[in-house]
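# Coordinates in review
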Amino acid sequence: MRKNTFVVFIMCICLLCLGACKNNVSKAVVGTYKGTAVITIGGVVSDEKNVEIVINSEPENKVSLTYPAFTVNNIEIPELNFSHIIVDKEKKNTYKLSERAITIDNDKYQIIGLINGKIADNTLTLNLTINDERLSGSISIKYTT
């Protein structure tokens, strides 16, 4: 009887250990990425070089992403902080960043941002669309490292 109890106890420990060892793929994409952003607004295209994007890990295969503040048409767009972006591993060294939205509301204006992207072999590619009521039209940003 004691031997059976011990075996069941060991099996429970093994199952708990296996369950706790889930792979959080978000850790594979964490880092600071430096690249170029191609910004399009109203048909006018401009390049911003050395744009630094920071990706931090969150639980359950999710990340947060920070896009730095910038100015377009003399209008300051504040730092954009996206959280709870789901990371999916597509194949070896390739990860998809699921689409995520953000809304910034204050007394003066409202900004709505939408982001998605991919990281393949440590190269980050992002698509970001920003709607700001202070601008006529949306801002489209294609970012790559």
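Refer to the preceding data block for the structure.
As a starting point, this report considers the structure included with it. All figures in this text were calculated on a predicted structure; none of them were measured in a lab. Here, residues in each chain are numbered from 1, in the same order as that chain's written sequence. Thresholds applied to this predicted model are a pLDDT of at least 70 for local features of residues and 80 or more for the giving and counting of side-chain atom pairs; totals over whole chains, interfaces and linings are not thresholded and use all residues. As a convention, hydrogens and water are excluded, and side-chain values are obtained from all of the structure's heavy atoms.

### Concerning the overall build of the protein chain
- Every helix listed is a DSSP run of H or I at least four residues long, and every strand listed is a run of E at least two residues long, numbered separately from the N terminus. Looking only at helices and strands, one finds 1 helix and 10 strands in the protein chain.
- In sequence order, the secondary structure elements of the protein chain are arranged as α-β-β-β-β-β-β-β-β-β-β.
- By definition, residues are in contact when any of their heavy atoms lie within 4.5 Å. If you take every contact in the protein chain between residues at least 6 apart in sequence, the share linking residues at least 24 apart comes to 41%.
- Counting only carbon and sulfur atoms, one obtains 53% of the accessible surface of the protein chain, whose full area is about 9,200 Å². In these tables, accessible area is a Shrake-Rupley quantity obtained with a 1.4 Å probe, and a residue counts as shielded only by the protein chains included in the view.

### Comments concerning the pairing of strand 10 (residues 138–144)
- Between buried and exposed lies partly exposed: a residue is buried under 20% and exposed over 50% of the maximum accessible area for its type, with that area taken using a 1.4 Å probe on protein chains only. What you see with strand 10 is a clean split: I139, I141 and Y143 sit on the buried side and S138, S140, K142 and T144 on the side with no burial.
- Inspection of the sheet shows strand 1 (residues 31–41) paired to strand 10 by 6 bridges, in the antiparallel sense. Residue pairing for strand 10: I39 is matched across the bridge by I141.
- At least two DSSP bridges between two strands are needed for those strands to be called paired. Note: strand 9 (residues 123–132) against strand 10, 7 bridges, orientation antiparallel. Within the sheet, the bridge partner assigned to T125 lies in strand 10 and is T144.
- The hairpin turn running from strand 9 into strand 10, its antiparallel successor, is 5 residues long, and G137 in that turn takes a positive phi close to 100°.

### Regarding the pattern of salt bridges
- We count a salt bridge whenever a side-chain nitrogen from Lys or Arg sits within 4 Å of a carboxyl oxygen from Asp or Glu. Across all of its chains, the model carries 3 salt bridges by this definition.
- Between E52 and K34 there is a salt bridge, with the nearest N and O atoms lying 3.8 Å from each other. Remark: K34 occurs in strand 1 and E52 occurs in strand 2 (residues 44–58); sequence separation between them is 18 residues.
- Overall, E52 belongs to the partly exposed group, its relative accessible area being 41%.
- One salt bridge connects K118 with E90, and the closest N-O pair in it is separated by 3.1 Å. In this pair, K118 is assigned in strand 8 (residues 110–120) and E90 in strand 6 (residues 80–91), connecting sequence segments 28 residues apart.

### Section: the sheet that holds strand 10
- The antiparallel closed barrel is built from 8 strands, whose spatial order is 1-2-3-6-7-8-9-10. Neighbour-to-neighbour, the strand axes of the sheet open up by a mean angle of 25°, direction not taken into account. Convention adopted: a line fitted to C-alpha atoms gives each axis, helices being fitted over their contacting stretch, and angles between N-to-C directions are expressed from 0 to 180 degrees.

### Considerations on the side chain of N24
- Counting through the fold element by element, N24 comes out in the loop between helix 1 (2–20) and strand 1.
- Polar contact is the term for a pair of N or O atoms within 3.5 Å; when the atoms are in protein, one must be able to donate a hydrogen and the other to accept it, and sequence-neighboring residues count only if both atoms are side-chain atoms. A distance of 3.3 Å separates a polar side-chain atom of N24 from the backbone oxygen of E58.
- Leaving out residues up to four positions away in the same chain, N24 has contacts with S57, E58, P59, E60, N61 and K62.

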